[in-house]
Amino acid sequence: MVELDQDETAPTSAANMSSKKKELLSTAMKRTSEWIFSQEIPSDVTVLAGGASFSLHKFPLVSKCGYIRKLVSESNDADVSEIQISDIPGGAEAFELAAKFCYGINFEISTENIALLRCAAEFLEMTEDYAVGNLVARTEAYLNEVALKSLAGAVSVLHLSENLLPLAEKVKLVSRCIDAIAFMACRESQFSMSGRSDSSNEGVLSSTVSQPKPIVDWWAEDLTVLRIDIFQRVLVAMMARGFKQYALGPILMLYAQKSLRGLEIFGKGRKKIELQQEHEKRVILETIVSLLPRERNALSVSFLSMLLRAAIYLETTVACRLDLEKRMALQLGQAALDDLLIPSYSFTGDTLFDVDTVQRIMMNYLEFVVEGNRMAYQVDDEYVSPPPTDMERVGKLMENYLAEIASDRNLTVSRFIGVAELIPEQSRITEDGMYRAIDIFLKAHPALSDMERKKVCSLMDCQKLSREACAHAAQNDRLPVQTVVQVLYYEQQRLRDVMNGNLMVGDSPALPAKMNLYSTDIHPVSDEISSLKRENEDLKLELVKMKMRLKEIERSGGRSAASSPMSISNTTPSADKPPLPRRSFINSVSKKLGRLYPFVRADGDSISKGRPKPSKNRRHSIS
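Going by the annotation in an unreviewed UniProt entry, the name recorded for the protein is NPH3 domain-containing protein, with Manihot esculenta given as the source organism. UniProt's Pathway (unreviewed entry) comment on the protein is quoted here verbatim: "Protein modification; protein ubiquitination."

Set out below in structure tokens:
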């Protein structure tokens, strides 16, 4: 702390007459002030500043305040008894400190009052033109020598300057604090990261960012007190000085967790915040999203999910929400089920969870994967593909999500199918997860028609069910009869293969070979093969986009899919009126589900050839 003493006149032997005159003048003013107080001379002027009234004397005020001197000299009244200063920055507190300085009363300058004193001194024109060592010079000296020498002090001064705008901007108090904070923050971060190798490779960067970083320190916590526009300017200044953008993630997380408190974004209910507060938090959230680093894995998926929930709740701009959805899609393989269970904030009796948002996230993920595979060809024509485990994790995650929302009675068949069709077939090693979701959906929607139940069950490939799932499905009354027949047929075929020694017990029959877009064992042998692969990837990307557009058109065109020719073609020709042999066959199966041999004739052929059998591709298609 610095103690102000109006008259620091240590004895000197210097021969400079001007300095002696100044010392004498200062001593005389001190004695005059002391004499005024000792004699208790009544005040001759009343100053109204910041809503408070001060009974003072003209002489000490006019001697140091150019602003008051001008008011007194320009007044028509020769004997001014009242002065009004209504717009002084800092109000009554700032004027009281300035008045104490004029009277020579000692007080301490600290980081808590330096911003008030600097702006009040500028407003009252307390410069060297009116007195030597005036308040402007004293406050500038404290700023340069004490306040802006530490990061905590600079943050404190900057925070207090937020209420002193625009004068704090005029005296460059805000810009100087921002520059000091940016300089010291970069210095601290470089010291913290000195033991960590710096690499521009994105893969190395991603693995480095995912580790705990020591750069989030005491100074990062201090930045959370700043207003959002000042906070943004500080981060921009830090990046201009070389601060790594991916290192902004933890700082933004701290700021978001503190500034977005009070939002009831985890339950369905009406908003309980005021409009002004809602607007402020909306601006904060949109600004934070605009500052998020672009590097992958710089932020956790749970944090992005929290921001997305808040963005939906506060009804931010569409661009803000789409940006968060794309960021979540990039790291969907790291997400947990709770990250996707985003509540629906519509109050029209819609679904419990926001299914549309998750659909867009999954579409973005698929587009990123396809685009990444297309761009993965290097100069030497070597194909680099992402690990298939990520796709398997996403597939398992989406199956769990589908099972979670399936119990919602407001979830329609079209929306359930829309989510299920987005799960890549390559990510489903078995169909047990899909069967579980379908069974939950059928249980929660007992009023579905036979056609709707058939469409739902067509999402799974019965050939890829495990033995436990097959045993459960064979006795499941909620499944259509055709689905039960398919399950029993493939189980019987599996047992035949085991008896013939082709498969081990518990294995599934060999599936027909399919083109795996995400396979890692594709190695081009010539330039022609590489070019064909690139063209194939482009065609598949276009196919995915066209399927998405077609789903949107069908969804907007009404719910007439059940009666369309396309939906009818997905069923077997004899679904509505099965022939008599089929009916008797089903009756026999219903009586003896445990016996599988009635499906085979004596000559080893399958069931009656008189009934047309649909093609395998159509029966097991998920479209």
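Caption draft 1: Representation of the packing of helix α21 (residues 432-444) against helix α23 (residues 467-474) in the model. Relative orientation of the contacting elements α21 and α23 amounts to 25°, with a least axis distance of 10 Å. Between α21 and α23, the interaxial angle falls into the category roughly parallel. The interaxial crossing formed by α21 with α23 has left-handed handedness. Here α21 contributes Asp432, Tyr435 and Asp439 to the contact with α23, which in turn contributes Ala469, His472 and Ala473. For the contact of α21 with α23, the per-class residue count stands at three nonpolar, one polar and two charged.

Caption draft 2: Examining the confidence of the model for the protein more closely. Of all residues in the protein, 65% have pLDDT values of 70 or greater, and the mean over the chain is 74. A low-confidence stretch, residues 377-385 stays under pLDDT 50, and its non-local contacts, those more than four residues away or across chains, total 23 contacts. This model gives residues 559-623 a pLDDT under 50, and the stretch forms 67 contacts once residues within four places in sequence are excluded.

Caption draft 3: Quick peek at the packing of aromatic side chains. Overall, the coordinates contain five aromatic pairs when judged by the stated rule. Centre to centre, the rings of Phe416 and Phe441 are 4.3 Å apart; their planes meet at 20°, and the pair counts as stacked. Of this pair, Phe416 sits in helix α20 (residues 413-420) while Phe441 is found in helix α21, placing the two residues 25 residues apart along the sequence. For the pair Phe416 and Phe441, one class covers both residues: buried. The ring of Phe101 carries the charged tip of Lys64 above its face, separated from the ring centre by 4.7 Å.

Caption draft 4: Expanded view of the side chain of Ser161. Summarising the element assignment, Ser161 is placed in helix α7 (residues 151-161). Of the residues examined, Ser161 reaches a relative accessible area of 0% and is grouped as buried. At 2.7 Å, the side chain of Ser161 forms a polar contact with the backbone oxygen of Val157.

Cut-offs used in this document
- Residues numbered from 1 in each chain as written.
- Predicted model: local features only at pLDDT ≥ 70, side-chain atom pairs only at ≥ 80, totals over all residues.
- Heavy atoms only, no water.
- UniProt positions renumbered as here; feature names shortened; annotations may be inferred.
- Axes fitted to C-alpha atoms, helices over the stretch in contact; angles between N-to-C directions.
- Helix = DSSP H or I, 4+ residues; strand = E, 2+ residues; numbered from the N terminus.
- Parallel < 35°, antiparallel > 145°, perpendicular 65-115°, else oblique.
- Left-handed = near helix turned anticlockwise from the far one by under 90°.
- Contact = heavy atoms within 4.5 Å.
- Nonpolar A, V, L, I, M, F, W, Y, C, P; charged D, E, K, R; others polar.
- pLDDT = per-residue confidence, 0-100.
- Phe/Tyr/Trp six-rings, centres within 6.5 Å; stacked < 30°, edge-to-face > 60°.
- Buried < 20%, exposed > 50% of the residue type's maximum accessible area, 1.4 Å probe, protein only.
- Lys NZ or Arg CZ within 6 Å of the ring centre and 35° of its normal.
- Polar contact = N/O pair within 3.5 Å; in protein donor to acceptor, adjacent residues only side chain to side chain.

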